[in-house]
Amino acid sequence: MQLLPVNLAYFLEVARTGSVTEAAHALNVAPSAISRQIAKLESGIGVPLFARHPRGMTLTEAGSRLLAHARRTETESTTLVEELRTGRGAEARSVAVACSEGFARRLVPRAITDFRREHPDVAFRVDVVGRQEATRRVVEGLADVAVTYTMGPQHDVRVECAVVVPVAAIVPLGHDIAGRDRIGLADLCAYPLALASPGTSQRELFDIGAQLEGITVRPALVCDSLAPQYEFVRSGGGLALVGDLGDLGDPGDGERDTEGVTYVPVEHPVFRQREAQVQTATGRRPSWSATQFTELLVASLRRDRSP
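Summarised in this report is the structure supplied together with it.

The rules we used
Residues numbered from 1 in each chain as written. Predicted model: local features only at pLDDT ≥ 70, side-chain atom pairs only at ≥ 80, totals over all residues. Heavy atoms only, no water. Axes fitted to C-alpha atoms, helices over the stretch in contact; angles between N-to-C directions. Helix = DSSP H or I, 4+ residues; strand = E, 2+ residues; numbered from the N terminus. Parallel < 35°, antiparallel > 145°, perpendicular 65-115°, else oblique. Left-handed = near helix turned anticlockwise from the far one by under 90°. Contact = heavy atoms within 4.5 Å. Nonpolar A, V, L, I, M, F, W, Y, C, P; charged D, E, K, R; others polar. Pairing = 2+ DSSP bridges.

**Side note on the packing of helix α2 (residues 20-27) against helix α3 (residues 31-45)**
Where α2 contacts α3, the two axes come as close as 8 Å, and the packing angle between them is 115 degrees. One way to sum up the angle between α2 and α3 is to call them roughly perpendicular. With respect to the hand of their crossing, α2 and α3 are arranged in right-handed fashion. In contact with Val20, Ala23, Ala24 and Leu27 of α2, α3 contributes Pro31, Ile34 and Ser35. Split by residue class, the contact of α2 with α3 holds 6 nonpolar, 1 polar and no charged.

**Digging into the sheet that holds strand β7 (residues 167-172)**
Ordered in space as β8-β12-β7-β11-β9-β10, the 6 strands form an open sheet in which the pairing is mixed. With one partner strand each, in any of the chains shown, β8 (183-184) and β10 (221-222) form the two edges of the open sheet. Sheet analysis places strand β9 (residues 193-195) next to strand β11 (residues 239-243), joined by 2 bridges and oriented parallel. What sits directly across from alanine 194, in β11, is alanine 240. Sheet strands touched by helix α10 (residues 226-234): β7, β9, β10, β11 and β12 (261-267). Its angle to β11, the strand with the most contacts, is close to 140 degrees.

**A short note on the packing of helix α1 (residues 6-17) against α3**
α3 packs onto α1 with a crossing angle of 105 degrees between their chain directions and a minimal axis gap of 9 Å. Regarding the angle of α1 to α3, the classification is roughly perpendicular. Taken together, the residues of α3 that come into contact with α1 (itself represented by Val6, Asn7, Tyr10, Phe11 and Val14) are Ala33, Ile34, Gln37, Ile38 and Leu41. Taken together, the residues that form the contact of α1 with α3 break down as 8 nonpolar, 2 polar and no charged.

Scope: geometric values only; no functional claims are made or implied.
Pasting the structure below:
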């Protein structure tokens, strides 16, 4: 059942397909009906929402902003209809979480486990995505909450919590720096390194720090997934970097990716520019379960960063 206004429903389908004809086919209506609704929408708002091309239509900046609003509205409508049909309240709904891989290793699943001990009827979906994608999903209503790294101010989301997360080197046990309290960037770069790709926040800051120090670095391994980096370190290939969430190398965990390695904090002011954030949407009322889980995530992140 569709609760969206007809003009928004038609707008959404054209945005998805990039074509009035394809949208009409998907909705089983005449193309002229869709064109009229889009024209009325643009006339009412006062700006064009699509750029027309011979092979289709693309969103303008205004259209992209309306798309984010329409997707949030669509998500809320779907949730409301499901709750009305089942007769169950918001406490029983699912919670969608978008997070970077570092948070998906421990912080998020542990928070889910803690939450479900008190509320076993709440189900979760966790999408492990890039930092900007995590934020986008919250903005567009595809996720209830995001846990991700950011650099610079955030304008399109509500930042529920922001903490600076230091960077640590993943070091094999027995390595000559394994027992050190910390390591500088120049000393770190003397060893073969596994680094994330240049598009990630950690790599961007690493490259800035290396440039400031006048260091030329050629990574031995470039990989955005943590598991290959851990294996690279364990097998003696070199060192890698990871955000230190406070529980790295927790004795007794028995987690496979921490076996055979230890962690040495990397000291450089450039890494203080990156924050770990818990983000929710602005202008949208979250469900009870999403609100409660967000509060638990905030408490967990702050606890992990407490001295």
